[in-house]
Amino acid sequence: MDATSFCGALPQTKLSASNRNFSTSCPRARSVVSVARHLSEEFQQPDKLYSRESLVVSSSSSANKGMTASGRSYLSGPVMKRNPVGQAFCAASVVGVGAFCEGFVDSHLHVTEDKVGVLLLNLGGPETLNDVQPFLFNLFADPDIIRLPRLFQFLQKPLAKLISVLRAPKSKEGYASIGGGSPLRKITDEQADAIKMALKAKGLTANVYVGMRYWYPFTEEAIHQIKKDKITKLVVLPLYPQFSISTTGSSLRVLQNIFSEDAYLSRLPVAIIQSWYQREGYIKSMADLIGEELQKFAKPEEVMIFFSAHGVPLTYVEDAGDPYKDQMEECIYLIMQELKARGSYNDHALAYQSRVGPVQWLKPYTDEVLVELGRKGVKSLLAVPVSFVSEHIETLEEIDMEYKELALESGIENWGRVPALGCTSSFITDLADAVIEALPSAKSISTTRSTSEESDRDFLSYAIKMIFGSVLAFVLLLCPKVITAFRNLLV
Ligand SMILES: C=CC1=C(C)c2cc3[nH]c(cc4nc(cc5[nH]c(cc1n2)c(C)c5CCC(=O)O)C(CCC(=O)O)=C4C)c(C)c3C=C
Ligand SMILES: [Fe+2]
């Protein structure tokens, strides 16, 4: 497998151009932030962290699983056989009972006695209003959220402090209006329990862990527990249907860092499901929910189906090759095809919400499209949140309150909103299938540990950057003009 073929492992129905960007047009290794791309660079340097066949990062797709851009298999291990509707045969061959995965039969028909773990990756959210500023700090301190040129990366934390302090009042207002905190932890825990039960029903006993990127339970805590439980095979399932550098990519980078520094983890066979927006079970579950909500309108056939996805800055897609936009568009296409197959021929639109800061984000923007649709005479509209599978601040506050008000002011008379998938059983069953399908392709990561000389050097440069960064932040904080300019940009 070469670096290009690894990039080909990204979901790729319409992505060949952006995938090529991963390996060719973005030479900076650290500031350009896709884990897939980063790994592909590691592959070009054989003495670095990852061996060529070490980490299986797959798109959970019936169309391209296990295939490179040129159609060759990138999996060196067993490749799952599939039936024509994209379900792996694996579910039927799982026969295990007892603790963990005893008796699990892989596609080589070898009986393995693994302790299977499933790690759900999610964003996390503040549980109280006091958590909001530190949560925002964690978010903005992420180099996959604020992407600074390499030379300025030492400013990441001071900048995160500044932005989080300035943004906190507005965010707090939002969280206060949905009950004083994010529901994400509770919902993700429920999803974890539901996936565990669904796996058990299919004959696979597994521990399911939740690892959040910016709040408790942090990914590090989940990994600690995975080690304690002596898991022997791990499937990583990010709870984002579409891959973005800013979400799945960021969480995978954290995992990569933890795994590369730990002897046990670097030997642990891992399979990563990178995106799953194209899975039949997910598409059908979304179509079910949309169909149900359409029926609540007096004239369902006249309703505009309005997909609202979380945005990302335009540079992610255009410069860093984030496949998010392509995957989102393909996802909407598949959902609409499914609705057509069921006899619904509604008009639809896709727009992007929740932009933050002064830069351009993916367009069209949700608020502008709502006003435009109202102006054009659309009277009935069904909002469909499509980038996230739990209720969260951006569905409960931004869509249900802000956008609804804007739509009604703009002339739309009948408003509806599709709930997030949450623990919808067909959806959970499909995620369980995705886990079972991914399991046989788990591979361990082999690493070379850094020498003590290297870590001494790292520490020194870290210390210098921190001191320099703190002085700069101090100067910035003392300059009222800078603060006012920032505040105007952020709120
Ligand atoms: C696919 C989903 C998401 C993408 C892509 C994404 C990118 C992204 N987000 C920010 C900034 C913020 N995000 C915030 C909260 C938040 N974002 C998502 C999802 C995606 N973000 C979720 C699920 C949540 C948590 C919601 C909750 O219930 O707690 C916030 C904090 C809330 C606020 O102040 O608005 C910020 C800020 C950026 C900059 C970005 C891409 C670069
Ligand atoms: Fe966000």
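Every chain's residues receive numbers from 1 upward, in the order its sequence appears when written. Here chains are named by letter from A upward and ligands by number from 1 upward, in the order in which they appear as written. Where totals are concerned, whole chains, interfaces and linings use all residues; where local detail is concerned, this predicted model gives features only for residues with pLDDT of at least 70, and gives and counts side-chain atom pairs only at 80 or more. To obtain the side-chain values, all non-hydrogen atoms of the structure were included, while hydrogens and water were left out.

> Any details on the pairing of strand β11 (residues 414–417)? Residues and values, ideally.
Looking at chain direction, strand β10 (residues 380–385) and β11 are connected through four bridges and run parallel. Along β11, the bridge assignment pairs Ala383 with Arg417. A crossover gets the label right-handed when its path from the first strand over the helix to the second runs clockwise, viewed with the strands pointing away from the viewer. Secondary structure follows DSSP: runs of H or I at least 4 residues long count as helices, runs of E at least 2 residues long count as strands, and numbering of each begins at the N terminus. Note on the crossover from β10 through helix α15 (residues 393–409) to β11: the handedness is right-handed. If DSSP finds at least two bridges between two strands, the strands pair.

> So, the nonpolar core: which residues are in play, and what are the values?
Leu119, Leu199, Phe259, Tyr282, Ile290, Phe307 and Val386 are the most contacted members of the largest nonpolar core, which has 82 residues in total. It is helix α16 (residues 425–438) that contributes the most residues to this core, eight residues altogether. Working definition of a nonpolar core: buried Ala, Val, Leu, Ile, Met, Phe, Trp, Tyr and Cys residues. They are joined through side-chain atoms within 4.5 Å. Burial status follows relative accessibility: with a 1.4 Å probe on protein chains alone, a residue under 20% of its type maximum counts as buried, one over 50% as exposed, and anything between as partly exposed. Counting residues in hydrophobic clusters, the runner-up holds 20 residues, among them Phe154, Tyr214, Trp215 and Ile393.

> Can you break down the site of ligand 1 residue by residue, with the values?
The rule for a residue being near a molecule or strand is that one of its heavy atoms must lie within 4 Å of it. Residues in contact with ligand 1 amount to 27 residues; listed here are only the nearest, Arg167, Ser171, Tyr175, Ser182 and Ile393. Polar contact is the term for a pair of N or O atoms within 3.5 Å; when the atoms are in protein, one must be able to donate a hydrogen and the other to accept it, and sequence-neighboring residues count only if both atoms are side-chain atoms. Ser171 is positioned with one of its side-chain polar atoms (N or O) 2.3 Å from an oxygen atom of ligand 1. In the environment of ligand 1, a nitrogen atom lies 3.0 Å from a nitrogen or oxygen atom belonging to the side chain of His310. Isolated, ligand 1 exposes 800 Å² of accessible area, and the fraction of that covered by the protein chains is 96%. Mapped by element, the contributors of at least two residues to the shell around ligand 1 are α5 (132–140), α6 (156–177), α9 (245–260) and α15. With four residues, α5 is the largest single contributor of residues to the shell around ligand 1. All residues other than Ala, Val, Leu, Ile, Met, Phe, Trp, Tyr, Cys, Pro, Asp, Glu, Lys and Arg, Gly among them, are scored as polar; the first ten of these are nonpolar and the last four charged. In terms of residue class, the shell around ligand 1 is built from 16 nonpolar, nine polar and two charged. We get accessible surface area from the Shrake-Rupley algorithm with a probe of 1.4 Å; when it comes to residues, only the shown protein chains can shield them.

> Let's hear about the environment of Thr128: which residues, and what values?
Relative to the helices and strands, Thr128 resides in the loop between β4 (116–122) and α5. Overall, Thr128 belongs to the partly exposed group, its relative accessible area being 36%. C-alpha separation for the pair Thr128 and Lys172, spaced 44 residues apart in sequence, amounts to 9.1 Å.

> Help me get a handle on the pattern of salt bridges, residues and values and all.
By convention in these notes, a salt bridge is any Lys or Arg side-chain nitrogen within 4 Å of a carboxyl oxygen on Asp or Glu. Applying the stated criterion to the full structure yields 19 salt bridges. With its nearest N and O atoms 2.7 Å apart, the salt bridge here joins Lys202 to Asp433. Of this pair, Lys202 sits in the loop between α7 (184–201) and β5 (206–212) while Asp433 sits in helix α16, and the two are 231 residues apart along the sequence. Arg342 is the salt-bridge partner of Glu338, the closest N and O atoms lying 2.9 Å from each other. The buried category is assigned to Glu338, whose relative accessible area is 17%. Within the structure, one salt-bridge network assembled from shared partners comprises Arg279, Asp430 and Glu437.

> Mind laying out the domain arrangement of the protein, listing which residues take part and the relevant values?
By convention here, the domain bounds are inherited from an automatic or database domain assignment. Per the domain assignment, the segments making up the protein are domain 1 (129–181 + 453–490) and domain 2 (280–425). Across the contact, 13 residues belong to domain 1 and 10 residues belong to domain 2. Throughout, the accessible surface (probe 1.4 Å) given up by two parts as they are put together, summed over both, is called the buried area. The contact between domain 1 and domain 2 buries some 870 Å² in all, and 69% of this surface belongs to carbon and sulfur atoms. Summed over the shared surface of domain 1 and domain 2, the result is zero salt bridges. For the pair domain 1 and domain 2, the interface holds two residue pairs in polar contact (both at pLDDT 80 or more). Contact definition: two residues touch when any of their heavy atoms are within 4.5 Å.

> Break down helix α11 (residues 280–294) for me, with residues and values.
Since one α-helical turn is 3.6 residues long, residues separated by three or four positions face the same way. Its 15 residues place the ends of α11 21 Å apart at the C-alpha level, agreeing with the 21 Å of an ideal helix rising 1.5 Å per residue. Within α11, the full set of buried residues consists of Gly281, Tyr282, Ile283, Ser285, Met286, Ala287, Leu289, Ile290, Glu293 and Leu294. The secondary structure elements touched by the buried residues of α11 are β8 (304–310), α13 (324–341), β10, β11 and α16. One less than the residue count of a helix, multiplied by 1.5 Å, gives the span that helix is expected to have.

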